[in-house]
10 protein chains.
Amino acid sequence: MSDNIYQNLEQLGGATVLPDDPKTAILESVQNPQADVDYVVRFTAPEFTSLCPMTAQPDFAHLVIDYIPDQLLVESKSLKLFLGAFRNHGAFHEDCTVSIARRLIDEINPKWLRIGGYWYPRGGIPIDVFYAFGEVPKGVWLPEQGVAGYRGRG
Amino acid sequence: MSDNIYQNLEQLGGATVLPDDPKTAILESVQNPQADVDYVVRFTAPEFTSLCPMTAQPDFAHLVIDYIPDQLLVESKSLKLFLGAFRNHGAFHEDCTVSIARRLIDEINPKWLRIGGYWYPRGGIPIDVFYAFGEVPKGVWLPEQGVAGYRGRG
Amino acid sequence: MSDNIYQNLEQLGGATVLPDDPKTAILESVQNPQADVDYVVRFTAPEFTSLCPMTAQPDFAHLVIDYIPDQLLVESKSLKLFLGAFRNHGAFHEDCTVSIARRLIDEINPKWLRIGGYWYPRGGIPIDVFYAFGEVPKGVWLPEQGVAGYRGRG
Amino acid sequence: MSDNIYQNLEQLGGATVLPDDPKTAILESVQNPQADVDYVVRFTAPEFTSLCPMTAQPDFAHLVIDYIPDQLLVESKSLKLFLGAFRNHGAFHEDCTVSIARRLIDEINPKWLRIGGYWYPRGGIPIDVFYAFGEVPKGVWLPEQGVAGYRGRG
Amino acid sequence: MSDNIYQNLEQLGGATVLPDDPKTAILESVQNPQADVDYVVRFTAPEFTSLCPMTAQPDFAHLVIDYIPDQLLVESKSLKLFLGAFRNHGAFHEDCTVSIARRLIDEINPKWLRIGGYWYPRGGIPIDVFYAFGEVPKGVWLPEQGVAGYRGRG
Amino acid sequence: MSDNIYQNLEQLGGATVLPDDPKTAILESVQNPQADVDYVVRFTAPEFTSLCPMTAQPDFAHLVIDYIPDQLLVESKSLKLFLGAFRNHGAFHEDCTVSIARRLIDEINPKWLRIGGYWYPRGGIPIDVFYAFGEVPKGVWLPEQGVAGYRGRG
Amino acid sequence: MSDNIYQNLEQLGGATVLPDDPKTAILESVQNPQADVDYVVRFTAPEFTSLCPMTAQPDFAHLVIDYIPDQLLVESKSLKLFLGAFRNHGAFHEDCTVSIARRLIDEINPKWLRIGGYWYPRGGIPIDVFYAFGEVPKGVWLPEQGVAGYRGRG
Amino acid sequence: MSDNIYQNLEQLGGATVLPDDPKTAILESVQNPQADVDYVVRFTAPEFTSLCPMTAQPDFAHLVIDYIPDQLLVESKSLKLFLGAFRNHGAFHEDCTVSIARRLIDEINPKWLRIGGYWYPRGGIPIDVFYAFGEVPKGVWLPEQGVAGYRGRG
Amino acid sequence: MSDNIYQNLEQLGGATVLPDDPKTAILESVQNPQADVDYVVRFTAPEFTSLCPMTAQPDFAHLVIDYIPDQLLVESKSLKLFLGAFRNHGAFHEDCTVSIARRLIDEINPKWLRIGGYWYPRGGIPIDVFYAFGEVPKGVWLPEQGVAGYRGRG
Amino acid sequence: MSDNIYQNLEQLGGATVLPDDPKTAILESVQNPQADVDYVVRFTAPEFTSLCPMTAQPDFAHLVIDYIPDQLLVESKSLKLFLGAFRNHGAFHEDCTVSIARRLIDEINPKWLRIGGYWYPRGGIPIDVFYAFGEVPKGVWLPEQGVAGYRGRG
Ligand SMILES: [Ca+2]
Ligand SMILES: [Ca+2]
Ligand SMILES: [Ca+2]
Ligand SMILES: [Ca+2]
Ligand SMILES: [Ca+2]
Ligand SMILES: [Ca+2]
Ligand SMILES: [Ca+2]
Ligand SMILES: [Ca+2]
Ligand SMILES: [Ca+2]
Ligand SMILES: [Ca+2]
Ligand SMILES: [Ca+2]
Ligand SMILES: [Ca+2]
Ligand SMILES: [Ca+2]
Ligand SMILES: [Ca+2]
Ligand SMILES: [Ca+2]
Ligand SMILES: [Ca+2]
């Protein structure tokens, strides 16, 4: 297998502070150790939270991010800190979900990436947002995210 | 088996109009055809809706009612109309759930009765209300209602 | 183990005709091969159907019957024919469910018996009926029936 | 991220009254903050209710709406009020479901839109309605709605 | 929305008798109120029952019917009566399932139709039958029926 | 039913700010409108978040609170704000869960109260905390919380 | 519907003995009563068992067989006896699963057939085998088998 | 922890042959390594099969056995061989299930033991058998077996 | 709330090495911050693995530990290391499960403790072990562990 | 069926030792007994464990491997030993998952192969890895792996 691709990271292992703004959060990347083949990486983040820009009340979402790396992988601890940086910042559901994807695309330049944002209901009607970027290379296997729909009660 | 216990009912079979107030809705009853033994009857009403008395916005609930009849059974069509009468009336969750039970108790004088009100979330934190009246006679079998808890998303 | 307790049965193995009335259906029994201990037998009948005595339209139910035998076991093929005899006969939900139990009690005189009748919805509000007869002997193990509640859609 | 796209809305935040007719209900829209990419927005409305035009009895449905915005997003509070306006109006299942979609298409002119209407059973046989409008742009990711089928009891 | 498409029906609302033969059962239709677009209608009938032509014992099935209407919709009460007409008639599983579809095709001439017949097990190995007629028009959305496979016990 | 028990509340309806400390958050109460009977109220809060006091990283929990009111009910919007006040404060799992219960007990003096804290895993081994206060009055019905255990993957 | 296609069968109805070798088991067929259309028949056999050829210990599998008949249908009782003939014979998982399909193909010459063999774990790592023969005719509807993956414990 | 309690076993590790009669199958036991405390051991055997004594057709069951050991534990490989010995022997459901328990009681003399036999359906109505022996010592924890009920199709 | 009860720990936060023997692994404890009330703490460890002492092959289990603390809480990171110390050591299922409980009892002297060990199958018949120590104080709330039974395939 | 394809294996049946390095573990193969047709073999390994190369702490994964054999099948016991060889070796999630697939491809030269690695969460955000090699031949049936997504708690 490959060399230690994590040796130059700044945030992994050391003490870390939750960044207070997504824009200033550092998304680190590592060399793709299997860059000669196409494969999919899925991150599931059931703990996403931001604030409603209209009311400053907390919003919550279950996020699932899939991507096909080119030369770089997302370093998962920095991803966690980046997502945590939304904790005290305002964000609309549609805009926020798509923006997270675009920031990741900027940082790691993947062959393909998608995000599913499954937001907790406010007012009885939850919003889900599904965004995909790029083209899936031929032969790549891409399972459904399979997150259950909202069903109210009963 | 028993004679036709439904022969004197007014609402069953004929044309019916949804009553516009729970207080004036008629809850009909029929003779318990097996009144010499104790058993439990469960009604499941996944379609309950009322209005919030503060905002006049619709509220929804999944209701489950269990009772042990004495001399009378609830006639199910009149129960449906009674529950339908909440459609355009204001009702707080705790108060509404317990009140439905008390009205039924008044009408059919059961040995025991309980109601579970599983309300759809407003503001992220749903309320469930559980009320029981009377004492379960010895030897009666009473299964759990088993309605799933609220789980948000993911 | 025990001798062949089924050797005197009339309906098992031969050609059978669905009886056209529950009252005339023959419920056969066999000697309890383990009569010196207490245990529970459960029959699950997801295919019960009768007619509504008011409208002659079909009704359906999922039935679960538990009992603790004394000297006799219910022979399962005759039970199937007995339940099948309701196919073209009228029966109210509460009355029908309890009556099935009482007929079984008459035939096999069990130490204890219960029935759960889980009726398909008519008009949006299904009825479940739970009836138990007798006293559970000390030390007997009696699992819940665990039939899922009705949940509408979604 | 984008500017506050919600600043000109009339219904958001202020006091609102449930409109008494879907035709007069106001469906508001906001500028799509990510209009340079294609993505899917899903609304799940498990609390839809209307009246049967033949009998005036309540009907219930679980609705799921998916769309790919062009220049406009549906404002979710006005969607909630629009759906709430069916509360006391008559609507047939097939017609009602497709009509909701067409009204939305008129208002926001999406690239693509679909609706799934999962109606609660009346008479034992529920109706589901599935309608899609437009063509899904290449590369868009569109998960299944995944609403469970109706299963009766047991 | 559309005019009352149900005004000329014979069976809806009046007293009805379960027909005693599928061949003589009347399948009524109504004008498609949204005939200028393509959409799918799904009926779920978890209560189908017929008799085995070899043994005259009851058979049961969970049926799901999907179709894309052209000029006509199936009227749901007449569908219920048509399916109920199998109650005391013999039918083999494969033949019966396909025949129901063909009768519907004859009556309403849909653009496309399919049926899934999920039969209860006899002898430990249940049979499912899947039949589709016609071609799905481009752009129509057609969800899976998603009925769970048979799993025996445990 | 009862008078409007919510008329003197300060936070309901008006603009609210998330309090920045649980200690200073105001938990409002309302008169129990059904104080002459015993019943259970359940709040389900799937969106609880606090910070780890050792690392300042976010923690998450699914909380379920059950209580039997005496003279007072918890006002649900103030409960939401109280729980939201943990958003940027440090709290250990066992301590935090029990403390929330004790604060509620102080404020509304219930006949009985319990809390289930189902914490998201950190390091592979999640912690659940279950605390109950007081004695359940005779005859009260108290369903299980029924939150699924953690199961890892697969 | 069609004539009785089962009239010439040898094993149906009479006394049958479990054959002691799959090779000598008789797989009977009947005329396809709907041979002018294409449809799928699914058999689910959750009770398959054979012996390990290396150790003679029992193996178990859940089998699902789908096929599109041409002129012949598999007679289901003979299928059951054929599968039962593996009870005391050795068979490797991959080989056995594919062989069952090939025997069926030989006997009924279907337009298309597939088998899913879901074997119980031995040594912690279960094997599933998926084999399909032929080409699915245009327009045929073929649902997924949807058998749950193995998940160990927890 | 304890010494190797398995060192004197005959069947563990060596070549084994499936015994051809439950009566002659050897049930081995080992010393209880924690005999100074009370605890429960559960075996789950989803692969039980026997023959019907009337028809010689295969029967299948999912068995769950719980016991509280006294001085001896059941050795699990010999249990597997004992259960496998029913493979070609006739056994009625009620009798067979209770007999397995009694044989185990004879061999290891437990403080308490129970068996749940969940039989696959024959004729549409499956039988479950629940038998318990002895008295559960005070303070022992005994979870439900939680095997799902039979639900037919849909 | 309480002071930082974790300030004297040795393993939390610093670099840690998986201990190579359960006997030498250090189980740390912290002062119970709510020692004046009774409550339950549940640890769920779905990642337990040890070696079979007979064959040196890996075994796996899903463990759930519940306890009612007296003066001490288990520190969760040291619990993780203690459980990890079984990774390369031999342990029989019954013995291992009970031993883990007894070690915990020795270290923190709880009012009550129980462990459920849900072992992955070897040879088709998994073993579960349930052990409880002590007496549950009056009024404590103790939910079921609710781990699903093993079900084989299908 | 085919001859005994396992007769030349070294590890099957004899005593085996867990190899201490994946690189030196021997992956054995057997002749494909059905090499003239295309089919899929699925291995499900819910018990995979390795060490984190950064911290030496244990990692866990649920692995599912699908392949279409050409001339060779993977021998399942050697696969188990190969996967077990990761037990005390360091491996990053993305790299490890893809490497396992590549080693298998090297050994058996399949027509097509894929692996799904479903890793247990560390830090709240689990990683899944999906890799496929080769081209699926026309007409091959390839079911989804269907492993549930991670959902946190509640
Ligand atoms: Ca798909
Ligand atoms: Ca509901
Ligand atoms: Ca209970
Ligand atoms: Ca969640
Ligand atoms: Ca229980
Ligand atoms: Ca619903
Ligand atoms: Ca059913
Ligand atoms: Ca699909
Ligand atoms: Ca099973
Ligand atoms: Ca797992
Ligand atoms: Ca597990
Ligand atoms: Ca069904
Ligand atoms: Ca319980
Ligand atoms: Ca099975
Ligand atoms: Ca698919
Ligand atoms: Ca949650």
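Rules used in this analysis
Residues numbered from 1 in each chain as written. Chains lettered and ligands numbered in written order. Predicted model: local features only at pLDDT ≥ 70, side-chain atom pairs only at ≥ 80, totals over all residues. Heavy atoms only, no water. Helix = DSSP H or I, 4+ residues; strand = E, 2+ residues; numbered from the N terminus. Rg over C-alpha atoms; globule rule 2.2 N^0.38 Å. Buried < 20%, exposed > 50% of the residue type's maximum accessible area, 1.4 Å probe, protein only. Contact = heavy atoms within 4.5 Å. Buried area = accessible area lost by both parts, 1.4 Å probe. Salt bridge = Lys/Arg side-chain N within 4 Å of Asp/Glu carboxyl O. Polar contact = N/O pair within 3.5 Å; in protein donor to acceptor, adjacent residues only side chain to side chain. Nonpolar A, V, L, I, M, F, W, Y, C, P; charged D, E, K, R; others polar. Donors = N, O, S within 2.8 Å, 3.2 Å for Na, K, Ca; no water. Lys, Arg positive; Asp, Glu negative; His and termini not counted. Least-squares fit on C-alpha atoms with pLDDT ≥ 70 in both. Pairing = 2+ DSSP bridges. UniProt positions renumbered as here; feature names shortened; annotations may be inferred.

## Describing the overall build of chain A
- Looking only at helices and strands, one finds two helices and six strands in chain A.
- Relative to the compact-globule value of 15 Å for 154 residues, chain A shows a C-alpha radius of gyration of 16 Å, a close match.
- C-alpha atoms of chain A, sized along the principal axes, occupy 50 × 40 × 25 Å.
- Every one of the 154 residues in chain A was classed for burial, and the buried ones make up 64%.
- Contacts spanning at least 24 positions in sequence make up 71% of the contacts within chain A whose residues lie at least 6 apart.

## Comments concerning the interface of chain A and chain J
- Each partner contributes to the interface: chain A provides 29 residues, whereas chain J provides 30 residues.
- Here chain A meets chain J over a buried area of about 2700 Å², counting both sides, of which 61% is carbon and sulfur.
- For the pair chain A and chain J, the interface holds two salt bridges.
- Between Glu135 of chain J and Lys138 of chain A there is a salt bridge, and its shortest N-O distance comes to 3.8 Å.
- Scanning the region where chain A abuts chain J turns up eight residue pairs in polar contact (both at pLDDT 80 or more).
- Of all elements in the fold, only strand 2 (39–51) and helix 1 (76–84) of chain A reach the threshold of two or more residues within the side of chain A that touches chain J.
- A per-element tally of the side of chain A that touches chain J places strand 2 of chain A first, with nine residues.
- Grouping the amino acids of the side of chain A that touches chain J by side-chain chemistry returns 16 nonpolar, seven polar and six charged.

## Brief notes about the coordination of the calcium ion (ligand 7)
- Surrounding the calcium ion (ligand 7) are the protein donor atoms Tyr120 of chain C (OH) and Arg153 of chain D (O), at 2.2 to 2.7 Å.
- The distance between the calcium ion (ligand 7) and the calcium ion (ligand 12) is 3.1 Å. In this pair, Tyr120 of chain C sits in the loop between strand 5 (112–119) and strand 6 (127–134) while Arg153 of chain D sits in the segment after strand 6 (127–134), so the two residues belong to two different chains. The burial state of Tyr120 of chain C is the same as that of Arg153 of chain D; both residues are buried.

## Here we look at the side chain of Asp95 of chain H
- Tracing the chain through its elements places Asp95 of chain H in helix 2 (residues 93–108).
- One buried charged side chain, Asp95 of chain H, makes no salt bridge at all; its nearest oppositely charged neighbour is Arg102 of chain H, positioned 7.2 Å away.

## A closer look at the relation of the copies chain A and chain B
- It takes a turn of 180° to lay chain A on chain B, together with a shift of 0.0 Å along the axis; the resulting RMSD is 0.0 Å. The symmetry that links the two subunits is that of a two-fold axis.
- Most of the interface of chain A is mirrored in chain B, where 100% of its interface residues are also at the interface.

## Some remarks on helix 1 (residues 76–84) of chain J
All names here are of chain J.
- When helix 1 is considered as a whole, its buried residues turn out to be Ser78, Leu79, Leu81, Phe82, Leu83 and Gly84.
- Packed against the buried residues of helix 1 are strand 2 (39–51), strand 3 (58–68), strand 4 (72–74) and helix 2 (93–108).
- Where helix 1 begins, one side-chain oxygen reaches toward the backbone nitrogen of Lys77, 3.0 Å away; that side chain belongs to Glu75.

## Digging into the pairing of strand 6 (residues 127–134) of chain B
Residue and element names in this part refer to chain B.
- Burial within strand 6 is extensive, with six of its eight residues counted as buried.
- Here seven bridges tie strand 5 (residues 112–119) to strand 6, and the two strands are oriented antiparallel to one another. Within strand 6, the residue paired with Gly117 across the bridge is Val129.

## Description of the relation of the copies chain A and chain J
- Of the two same-sequence chains, chain A is brought onto chain J (RMSD 0.0 Å, axial shift 0.0 Å) by a rotation of 72°. The superposition of one copy onto the other is thereby described by a five-fold rotation axis. Judged by C-alpha distance, Gly146 of chain A is the residue of chain A that lies nearest the rotation axis, at 7.2 Å.

## Here's the deal with the pairing of strand 3 (residues 58–68) of chain B
Residues and elements named next belong to chain B.
- By the criterion of burial, strand 3 is predominantly enclosed, with 11 of the 11 residues buried.
- Pairing analysis gives nine bridges linking strand 2 (residues 39–51) to strand 3, with the strands arranged antiparallel. Residue pairing across strands places Ser50 opposite Asp59, the latter belonging to strand 3.
- The loop that links strand 2 with its antiparallel partner strand 3 comprises six residues; one of these, Ala56, has a positive phi angle of about 65°.
- Pairing geometry for strand 3 and strand 5, over eight bridges, is antiparallel. Considered in strand 5, the bridge of His62 is made with Tyr118.

## A look at the UniProt feature "active site" (unreviewed entry) in chain A
Residue and element names in this part refer to chain A.
- The residues that UniProt annotates with the feature "active site" (unreviewed entry) are Cys52 and Asp59.
- Counting through the fold element by element, Cys52 comes out in the loop between strand 2 and strand 3 (58–68).
- Given a relative accessible area of 19%, Cys52 falls into the buried group.
- Dropping the residues within four chain positions of it, Cys52 is found in contact with Gln57 and Asp59.
- By the element assignment, Asp59 lies in strand 3.
- Apart from residues no more than four positions distant in its own chain, Asp59 is found in contact with Phe48, Thr49, Ser50, Leu51, Cys52, Ala91, His93, Trp119 and Arg122.

## With respect to the interface of chain A and chain B
- Each partner contributes to the interface: chain A provides 18 residues, whereas chain B provides 18 residues.
- When chain A packs against chain B, close to 1300 Å² is buried across both sides, 53% of that on carbon and sulfur atoms.
- Put simply, chain A and chain B have two salt bridges between them.
- Where Arg153 of chain B meets Asp128 of chain A, a salt bridge forms, and the shortest distance between an N and an O atom there is 2.8 Å.
- Going through the elements one at a time, strand 5 (112–119) and strand 6 (127–134) of chain A are the ones with two or more residues in the side of chain A that touches chain B.
- Residue classes in the side of chain A that touches chain B are distributed as nine nonpolar, six polar and three charged.

## Details of the UniProt feature "binding site: substrate" (unreviewed entry) in chain A
All names here are of chain A.
- Under the local residue numbering, the UniProt record ascribes the feature "binding site: substrate" (unreviewed entry) to Val74, Glu75, Ser76, His93 and Glu94. Over a stretch of 21 residues, the named residues are scattered through the fold, their C-alpha atoms separated by up to 25.0 Å.
- By the secondary structure assignment, Ser76 is in helix 1.
- Mapped onto the fold, His93 is located in helix 2 (residues 93–108).
- Taking the relative accessible area as the measure of exposure, His93 reaches 14% and is therefore buried.
- Every residue in contact with His93, bar those within four places of it in the chain, is listed here: Asp59, Trp119, Ile127 and Val129.

## A word on the arrangement of the chains
- Note that chain A does not reach chain G: the shortest distance linking a C-alpha of one to a C-alpha of the other is 14 Å.
- Nothing in chain B touches chain I; the tightest C-alpha to C-alpha distance between them is still 14 Å.

## So, unusual backbone geometry
- A positive phi angle, near 65°, is found at Ala56 of chain A, a position not held by glycine.
- Relative accessible area serves as the criterion here: at 41%, Ala56 of chain A is assigned to the partly exposed category.
- Of note, Asn109 of chain D is a non-glycine position whose phi angle comes to about 50°, a positive value.
- Along the polypeptide, Asn109 of chain D turns up in the loop between helix 2 (93–108) and strand 5 (112–119).

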